[in-house]
Protein chains: 2
Amino acid sequence: MHTLRRYLPILDWGRTYNRSALSNDLVAAVIVTIMLIPQSLAYALLAGLPPEAGIYASIAPIVLYAIFGTSRALAVGPVAVVSLLTASAIGQVAEQGTAGYAVAALTLAFLSGGFLMLLGVLRLGFLANFLSHPVIAGFITASGILIATSQLKHILGVSAHGHTLPEMLTSLFAHLGDTNWITVLIGVSAAGFLFWVRGNLKPLLKRLGTGPVLTDFLAKGGPVVAVVATTVAVWGFGLAEQGVKIVGDVPQSLPPLTLPGLSSDLVGALMVPAILISIIGFVESVSVAQTLAAKKRQRIDPDQELIGLGAANLGAAFSGGFPVTGGFSRSVVNYDAGAETPAAGIYTAIGLAIAAVALTPLVYFLPNATLAATIIVAVLTLVDFSILKKTWDYSRADFSAVAATILLTLGLGVEVGVAAGVAISVLLHLYKTSRPHVAEVGLVPGTQHFRNIHRHEVETCPSVVTLRVDESLYFVNARFLEDLVQSHVTEGCAIKHVVLMFSAVNEVDYSALESLEAINARLRDMGVGLHLSEVKGPVMDRLKRSHLIQDLNGEVFLSQFEAWQKVGHPKLHHVAE
Amino acid sequence: MHTLRRYLPILDWGRTYNRSALSNDLVAAVIVTIMLIPQSLAYALLAGLPPEAGIYASIAPIVLYAIFGTSRALAVGPVAVVSLLTASAIGQVAEQGTAGYAVAALTLAFLSGGFLMLLGVLRLGFLANFLSHPVIAGFITASGILIATSQLKHILGVSAHGHTLPEMLTSLFAHLGDTNWITVLIGVSAAGFLFWVRGNLKPLLKRLGTGPVLTDFLAKGGPVVAVVATTVAVWGFGLAEQGVKIVGDVPQSLPPLTLPGLSSDLVGALMVPAILISIIGFVESVSVAQTLAAKKRQRIDPDQELIGLGAANLGAAFSGGFPVTGGFSRSVVNYDAGAETPAAGIYTAIGLAIAAVALTPLVYFLPNATLAATIIVAVLTLVDFSILKKTWDYSRADFSAVAATILLTLGLGVEVGVAAGVAISVLLHLYKTSRPHVAEVGLVPGTQHFRNIHRHEVETCPSVVTLRVDESLYFVNARFLEDLVQSHVTEGCAIKHVVLMFSAVNEVDYSALESLEAINARLRDMGVGLHLSEVKGPVMDRLKRSHLIQDLNGEVFLSQFEAWQKVGHPKLHHVAE
């Protein structure tokens, strides 16, 4: 039962579900549903899919996440960055608007869902940690710029393409002559209105004395107002005949049962993008879920989250959707609106299903420019170059990783950008640990403490070198240690003992073990003793499995002071007494 | 002058060169020259090149290394593993025996030399450290097997091909019917004789009372005896007409001036193999040089070694050679024979130049089978599966890296094998550091020391959790720390203070900083204090550049005992006093 509840968190919160939770969840569901209708249409547009795909992608996935997910407030569905990645991935295997394109989206959701499930079952959630925070921040910022740029064509009413910033801009400039000025008017007005709602409406309502809940509701309703107003305008003035592109026919139906294409060509082409989408979606979703859970001292289980998101994506694959994940804005709205349990998600799904059946004819005249405006306003909040300054101030290594990620994402596309970001982070880490900080230490007079001889007034002994190694020893820095000891010993011929102080050494891998053995052998040839001090328990356990300790041309001391008393003492008498 | 001497070590040892060094170097040069003649021919055969290429590759490179290298004893020239990598790389761009094949070998040496020079000038020698010892050991063992297998065709007198073990074996079996039994007789006798020389001659000579220098000389002379005996046999019995493949015409000439092909196709195809050859050659060479230097308390400078090896390879590219590096066996012979300075190398080069002009007609009847036998006997000493057992005993992670490297090198070829080995080592390292050892610690009664509460009898305080983090904090484990703190705090509602003890934290990167900020914010929301203790100097310097310290919902304590006195004390009174 305990295991079952771990894999089906619904059994956990479902047991204690009560009337108060029900009413809170219902209120939250209404608010989220209203917000999700235009958002779902917009992200379908961004992914290059028909509008209904956006709504379908918000129904089954929400329900499945409610059953398998561990976050109480996370709202799952299409999100901006994942939609962009989807467009980029399936644009490479099919032409937008064709049946093959929609099938490729299902395949991508299927592969992504399967991969997430696999990671979850194997409990490999930690893999997501290979994406460093600065790389994610740089990637999200660059993606926001790419997304906003990709929507400019809808605002201008022209057709353009491209998956990198230079491609998009070149294509836009080439088609600038086709600009439809009525579309521009609609798009710019909608965007202007939404920016105003976002920036100025709340303070205004507060000054007018509106209650906080109503204020919030009105502020979130901005996109709905823009949608309604521009739809009515297009319908009333017959603007569709003037060349304004509209959403058009959307089938009135519940999500259909769909089958993802599984030909080996398609699977082969989409496998890498699916892995990338899974990991980025997972990272985004877990960050949101963790932030919200922490506010109520709740916990989420990252491995179970993989299963929840995996199930959601599989759901999307079989119900006419496309890849989904936990979205930031919808989850925050859900949380702020008072959602107490994942049941709120189930009610939202019911609301969206009703909308899919009953309300789709109402968006016939909705102009694409309005949807593009809602996307642009939403994603520009993702763009935050302050990460460049923050990392510059803190560490040049992190700065390089962010800058490279941003430039490569903009210049070569989302996939190259994020892959390069990960590679650069890993290489920088290896580089940093390859030349660890090693301090030559001496005794602080009158104490048992040892400090850097270059920073403190300490006692030393000319026949003893004590080196404190401030890093785990592994293959990347093993040779460095060999060189370092060698240079210390060849410098001073009077040296009779080398003591390596291992207080900050958390691991010694086999390469480092061989280096220590080599150091030991060389020092023995020179008639110099090699001693270790303050070796940690787990490291010592490991070293005892090798021959190093028994072959050591010296001793292992529990504390550096003991080592000093034994090998440094004779001289200490002359220096200190 | 000092800088010049750093880049031209010859200026250093040249100043003090004297008559005693001269005579020692001359003796060593004679011995090494005799050993190198068959070896050079054999490695040319292994690389698929005409025999003279092996001799040319030993002349200019030796001289250039003597000028630029820092090792006193290293002997540079063709070596087994690099010759195999050469055959594998240029076999992909040209047909063996064509002019294009020889030109590709020059290009490979040129690219490799240029890359080594570049690394040296940029002082990037540390990059070689990304190859862990177990991966190198596994790779060398697998290469030894591949090399020995690749020579079986010469022993059987058949033509076969392939760059992986399955390919080679399949091809050999397919051609087994063409076996030339006279060739087999020559090859097997030569191999048997060489194994006997290696294993039994030395003890025998010792029992016979031969002096140690003569013993050594005779033992090293084994290949020369095999070469002379089989050459005479082929000539005397006219075995070449019986289908025994022989070396044939070798031009009588000094190394020619050659130009590597630099078409973009060729450079593009050989760039990655050249980088691989450079790094593997460098690692092998530096290990040998370091081992020999340590015996005389001399030092080598790895970055200057890159320049020395780079110059050697560029020399090979312009004098009809192929990629070279510092070889183990030739360097040890050179050292044992008493070489004192790199001048010994220059005399060896003169000896080989004389051989190239005067002795090449003598090897006309030398059978390829003899050369193959010398290769097989030499490389089988590289094969050492004990690394599997050693790493298995010491650490499963290292074992996995070795096993994967061996299997992939044998199964998919040298390039895939070594690349996979590096990737696996890095991933395993990241995995290990992604779940660092974190101990909850308490005060050892009557001391100021803190130890793991699960290993020792210690005092704790129910409102304080003290966690000692035994790893640097960076992006791979940043989220782990967040989860860990979260789980400790959600477990016990009585907790009022979290103390993170940073004595083993050697770095906090930007991702970890953000995690600490998130932990701080969450704990503040819960009304729990966050404190740091024993933060190292460099880490603290870095943290002070961020807002963490000023926003900290708690204090930074120099020692854990201070932290305990401050936040744990009120309870300590009740427990301890």
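Keep in mind the model is a prediction, meaning the values are calculated, not measured. Each chain has its residues counted from 1, running along the sequence as written. Whichever chain is written first becomes A and whichever ligand is written first becomes 1, with later ones labelled in order. Reporting in this predicted model follows two pLDDT cut-offs: at least 70 for local features of residues, and 80 or more for side-chain atom pairs to be given and counted; totals over whole chains, interfaces and linings ignore these cut-offs and use all residues.

Caption draft 1: Layout of the packing of helix 8 (residues 133-156) of chain B against helix 20 (residues 414-434) of chain B. Residues and elements named next belong to chain B. For every element, the axis is a line fit to its C-alpha atoms; helices are fit only across the contacting stretch, and the angle between N-to-C directions ranges from 0 to 180 degrees. Secondary structure elements are defined from DSSP: runs of H or I of at least 4 residues count as helices, runs of E of at least 2 residues count as strands, and each element is numbered from the N terminus. The N-to-C vectors of helix 8 and helix 20 enclose an angle of 165 degrees; their axes lie 10 Å apart at closest approach. By the angle class used here, helix 8 and helix 20 are roughly antiparallel. The two elements helix 8 and helix 20 meet at a crossing, and its hand is right-handed. Here Val 135, Gly 138, Phe 139, Ala 142, Ser 143 and Leu 146 of helix 8 lie close against helix 20, whose contacting residues are Val 414, Gly 417, Val 418, Gly 421, Val 422 and Ser 425. All amino acids are sorted into three groups, where Ala, Val, Leu, Ile, Met, Phe, Trp, Tyr, Cys and Pro are nonpolar, Asp, Glu, Lys and Arg are charged, and the leftover types, Gly among them, are polar. Across the contact of helix 8 with helix 20, the residue classes tally to seven nonpolar, five polar and no charged. Angle categories: roughly parallel below 35 degrees, roughly antiparallel above 145, roughly perpendicular from 65 to 115, and oblique for all the rest. For a crossing to be left-handed, the near helix must be turned anticlockwise from the far one by less than a right angle; the clockwise case is right-handed. Whether two residues are in contact is decided by their C-beta atoms, placed from the backbone, lying within 7 Å.

Caption draft 2: Quick look at the domain arrangement of chain A. Throughout the structure description, domain borders are defined by an automatic or database domain assignment. Taken domain by domain, chain A holds domain 1 (2-403) and domain 2 (438-576). Relative to domain 2 of chain A, the C-alpha centre of domain 1 of chain A lies at a distance of 56 Å.

Caption draft 3: Geometry of the interface of chain A and chain B. Contacts between the two partners involve 49 residues from chain A, matched on the other side by 49 residues from chain B. A per-element tally of the side of chain A that touches chain B places helix 21 (residues 475-491) of chain A first, with eight residues. Residues of the side of chain A that touches chain B, tallied by class, amount to 16 nonpolar, 16 polar and 17 charged.

Caption draft 4: The arrangement of the relation of the copies chain A and chain B in detail. Copy-to-copy superposition: least squares on the C-alpha atoms, limited to residues that have pLDDT of at least 70 in both copies. Mapping chain A onto chain B is achieved by rotating through 180 degrees and translating by 0.0 Å along the same axis, at an RMSD of 0.1 Å. Overall, the copies show the geometry of a two-fold rotation axis. Considering only C-alpha atoms, the part of chain A nearest the rotation axis is Ala 504 of chain A, at 2.3 Å. Residue by residue, 100% of the interface of chain A is reproduced at the interface of chain B, so both copies engage with the same surface.

Caption draft 5: Spotlight on the pairing of strand 6 (residues 497-501) of chain B. Residues and elements named next belong to chain B. Summarising burial for strand 6: five of the five residues are buried, a large majority. Counting other C-beta atoms within 10 Å of its own, a residue is labelled buried from 20 upward, exposed at 12 or fewer, and partly exposed in the gap between, with every C-beta atom placed from the backbone. Along strand 6, one buried face is formed by His 497, Val 499 and Met 501 and the opposite face, lined by Val 498 and Leu 500, is buried too. In this sheet, strand 6 lies alongside strand 5 (residues 464-469) in parallel orientation, the contact comprising five bridges. Bridging from a neighbouring strand, Val 464 pairs with His 497 of strand 6. For a crossover, the right-handed case is the one in which the path from the first strand over the helix to the second runs clockwise, viewed with the strands pointing away from the viewer. Handedness of the crossover joining strand 6 and strand 7 (residues 529-533) through helix 22 (residues 510-525) is recorded here as right-handed. Think of it this way: DSSP has to see at least two bridges between two strands before they count as a pair.

Caption draft 6: Structural detail: the sheet that holds strand 3 (residues 438-443) of chain A. Residues and elements named next belong to chain A. Read from one edge to the other, the open sheet built from six strands follows the order 4-3-5-6-7-8, with strand pairing classed as mixed. One side of each edge strand has no neighbouring strand; the edge strands of this open sheet are strand 4 (450-452) and strand 8 (556-557). One ladder, built from two bridges, connects strand 7 (residues 529-533) with strand 8; its direction is parallel. By the bridge assignment for strand 8, Ser 533 is matched with Phe 557.

Caption draft 7: Examining the environment of His 163 of chain B more closely. Residues and elements named next belong to chain B. Counting through the fold element by element, His 163 comes out in the loop between helix 8 and helix 9 (165-174). Taking the C-beta count within 10 Å as the criterion, His 163 has 18 such neighbours and is therefore assigned partly exposed. Setting aside residues no more than four positions away along its own chain, His 163 makes contact with Ser 88, Gly 91 and Gly 413.

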